[in-house]
Amino acid sequence: MTVDLSTMSRKELLQLQGDVEEALRTAELRERQEALKAAEEAAAKFGFSLDEIASASRQGTKKTKAAPKYRNPENPEETWTGRGRKPHWVHAALTAGMDISDLEI
């Protein structure tokens, strides 16, 4: 289907634009429903429900905090994992001539 846009008025073009946006929303919804149905069928083929698979995959992605590697000798409650920015107490210790290995836990 070919539409000659050059012969259409501004009002007609705006109406066409609205119709296209609505058609795109409808097509996306239809394709999402088809994808969901296909995913449910694929899961059922292996004896699972889609909810079981989705909840199992969410459980495997939980992030755990990294264990601290360094401790402030002046305040043992202050620790650092070695990731991200160095805390001020690490900078101060290194500036004072300590080696980073002196701060290891």
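All figures in this text were calculated on a predicted structure; none of them were measured in a lab.

Undergrad: Looking at this model, I keep getting lost on the overall build of the chain. Mind explaining?
TA: Helices and strands together make up the secondary structure of the chain, namely 3 helices and 2 strands. Start at the N end of the chain and walk to the C end: the helices and strands fall as α-α-β-β-α. Taking 2.2 N^0.38 as the reference for a compact globule, 105 residues should give roughly 13 Å; the C-alpha atoms of the chain span a radius of gyration of 30 Å, well beyond that estimate. Overall, the C-alpha framework of the chain stretches about 80 × 50 × 20 Å when taken along its three principal axes. Within the chain, the fraction of its 105 residues that count as buried is 10%. Counting contacts in the chain only where the partners sit at least 6 residues apart, residues at least 24 apart contribute 25% of the total. Only carbon and sulfur atoms are counted for the fraction: they give 53% of the accessible area of the chain, which is about 9,200 Å².

Undergrad: What should I look at first to understand the nonpolar core in this one?
TA: Most often, soluble globular proteins keep nonpolar side chains buried together rather than apart. By size, the foremost hydrophobic cluster in this structure holds 6 residues: Tyr70, Trp80, Trp89, Val90, Ala93 and Leu103. Take this core: its biggest share by element is 3 residues, from helix 3 (residues 88–95). In this structure Trp80 touches Pro68, Lys69, Tyr70, Arg85, Lys86, Pro87, Trp89, Val90 and Ile100, once residues within four positions along its chain are discounted.

Undergrad: Explain the environment of Val90 to me, please; I cannot follow it from the model alone.
TA: Among the structural elements, Val90 can be located in helix 3. Val90 gets classed as buried once you look at its relative accessible area, which sits at 0%. It is 7.4 Å that separates the C-alpha atoms of Val90 and Asn72, two residues lying 18 residues apart in sequence. Setting aside residues no more than four positions away along its own chain, Val90 makes contact with Trp80, Ile100 and Leu103.

Undergrad: Teacher, can you tell me more about the side chain of Asn72 here?
TA: Note on placement: Asn72 falls in the loop between strand 1 (70–71) and strand 2 (79–80). Only 2.5 Å separates the side chain of Asn72 from the side chain of Glu78, close enough to count as a polar contact. Ignoring any residue separated from it by four or fewer positions in sequence, one finds Asn72 in contact with Glu78 and Trp89.

Undergrad: Sorry if this is basic, but what is going on with a negative patch on the surface here?
TA: Taken together, the side chains of Glu40, Glu41, Asp51 and Glu52 make up a negatively charged region of the molecular surface. Residue assignment for the negative patch shows that the elements contributing at least two residues are helix 1 (10–45) and helix 2 (50–59). In this fold, Glu40 is placed in helix 1. For Glu40, a relative accessible area of 41% gives the class partly exposed.

Undergrad: What am I meant to see in helix 3 here?
TA: At 3.6 residues per turn, the α-helix brings residues three or four places apart onto the same side. For helix 3, the full list of buried residues reads Trp89, Val90 and Ala93. One side of helix 3 carries all its buried residues, which in axial view fall inside an arc of 100 degrees. Those residues of helix 3 that are exposed and angled more than 90 degrees off the buried face are His88 and Thr95. For helix 3, the elements touching its buried residues are strand 1 and strand 2. Immediately beyond the C-terminal end of helix 3, within one or two residues, lies Gly97, with a positive phi of roughly 100 degrees.

Scoring rules and cut-offs
- Residues numbered from 1 in each chain as written.
- Predicted model: local features only at pLDDT ≥ 70, side-chain atom pairs only at ≥ 80, totals over all residues.
- Heavy atoms only, no water.
- Helix = DSSP H or I, 4+ residues; strand = E, 2+ residues; numbered from the N terminus.
- Rg over C-alpha atoms; globule rule 2.2 N^0.38 Å.
- Buried < 20%, exposed > 50% of the residue type's maximum accessible area, 1.4 Å probe, protein only.
- Contact = heavy atoms within 4.5 Å.
- Areas by Shrake-Rupley, 256 points an atom, 1.4 Å probe, with all protein chains shown as cover.
- Core = buried A, V, L, I, M, F, W, Y, C linked by side-chain atoms within 4.5 Å.
- Polar contact = N/O pair within 3.5 Å; in protein donor to acceptor, adjacent residues only side chain to side chain.
- Patch = residues over 30% accessible without salt bridge, like charges linked within 9 Å, V, L, I, M, F, W, Y side chains within 5 Å.
- Salt bridge = Lys/Arg side-chain N within 4 Å of Asp/Glu carboxyl O.
- Lys, Arg positive; Asp, Glu negative; His and termini not counted.
- Charge placed at Lys NZ, Arg CZ, Asp CG, Glu CD.
- Arc of directions from axis to C-beta.

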